[in-house]
Amino acid sequence: MSGVERNRLVLPVIYIGGLVFGFGLAVSGMAKPEIVLDFLQFNDFGLLFVMGGAAAVTGITFAVATRYLNRAPLTAREYTRRFKEFDRNVLLGGAIFGVGWGLSGICPGAAYASFGIGNYPILWAIAGMFLGAYAQGFVRSYRTDDANVTSDTSTN
């Protein structure tokens, strides 16, 4: 782990955080595709408050943590900002994500919570997410291999 020893509490905290997150999604209704589709069709704006509340808590937590702590408490990694270039890949990925969200009525995080509350047909959407992730990885590795071959032949 690049010279930084991992705290023993990392995995238990991750699991507890996942359980709390999934429970919150189930209680808020975000794990029910019909509620999400009502939101996406502008029929019910309740999820806007759920997402806004989550964004506010996250924003405050990151602002406080990065200001008063130099390192993450469990991993001891330094807090740094990562900038992603806004390019066509970001636009294309966002569009595909949005179409998938609209078709399935659920976002990836809520899909697992939806399965947890007994929505077993959601497994089709989860399978689609895995297939899409695999396809993206395949295309990216193919492009990387092509770029490496092109740069190797151009330098000779």
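In this text, all values refer to a predicted model and were calculated from it rather than measured experimentally. (Residues numbered from 1 in each chain as written. Predicted model: local features only at pLDDT ≥ 70, side-chain atom pairs only at ≥ 80, totals over all residues. Heavy atoms only, no water.)

Novice: How would you explain helix 5 (residues 108–116) if you had to name every residue and give the values?
Specialist: Those residues of helix 5 lying buried are A110, A111, A113 and S114. Phi turns positive, to about 100 degrees, at G118, one or two residues after helix 5. (Buried < 20%, exposed > 50% of the residue type's maximum accessible area, 1.4 Å probe, protein only. Helix = DSSP H or I, 4+ residues; strand = E, 2+ residues; numbered from the N terminus.)

Novice: Could you give an account of a nonpolar patch on the surface, with specific residues and numbers?
Specialist: A cluster of nonpolar side chains, namely I60, V64, Y68 and L69, defines an oily patch on the protein surface of about 430 Å² accessible area. Within the fold, Y68 resides in helix 3 (residues 46–68). (Patch = residues over 30% accessible without salt bridge, like charges linked within 9 Å, V, L, I, M, F, W, Y side chains within 5 Å. Areas by Shrake-Rupley, 256 points an atom, 1.4 Å probe, with all protein chains shown as cover. Salt bridge = Lys/Arg side-chain N within 4 Å of Asp/Glu carboxyl O.)

Novice: Can you explain the nonpolar core? Please cite residues and give values.
Specialist: Among the nonpolar cores identified, the biggest contains 15 residues, and L25, L47, I106, A110, A111 and I122 are the most heavily contacted of them. Counting only elements with at least two residues in this core, the list comes to helix 2 (33–40), helix 5 and helix 6 (122–155). Setting aside its immediate chain neighbours within four residues, L25 contacts M30, A31, G109, A110 and A113. (Core = buried A, V, L, I, M, F, W, Y, C linked by side-chain atoms within 4.5 Å. Contact = heavy atoms within 4.5 Å.)

Novice: How would you summarise unusual backbone geometry if you had to cite specific residues and measurements?
Specialist: Despite not being glycine, F42 shows a phi value in the positive range, around 60 degrees. Mapped onto the elements of the fold, F42 is located in the loop between helix 2 and helix 3. Since its relative accessible area comes to 63%, F42 is described here as exposed.

Novice: Lay out the packing of helix 1 (residues 10–28) against helix 5 in plain terms, naming residues and giving numbers.
Specialist: Viewed as axis vectors pointing N to C, helix 1 and helix 5 meet at an angle of 80 degrees, and their least axial separation amounts to 9 Å. On the basis of their axis angle, the class for helix 1 and helix 5 is roughly perpendicular. Across from F21, G22 and L25 in helix 1, the residues of helix 5 making contact are G109, A110 and A113. Of the residues that constitute the contact of helix 1 with helix 5, the class distribution is 4 nonpolar, 2 polar and no charged. (Axes fitted to C-alpha atoms, helices over the stretch in contact; angles between N-to-C directions. Parallel < 35°, antiparallel > 145°, perpendicular 65-115°, else oblique. Nonpolar A, V, L, I, M, F, W, Y, C, P; charged D, E, K, R; others polar.)

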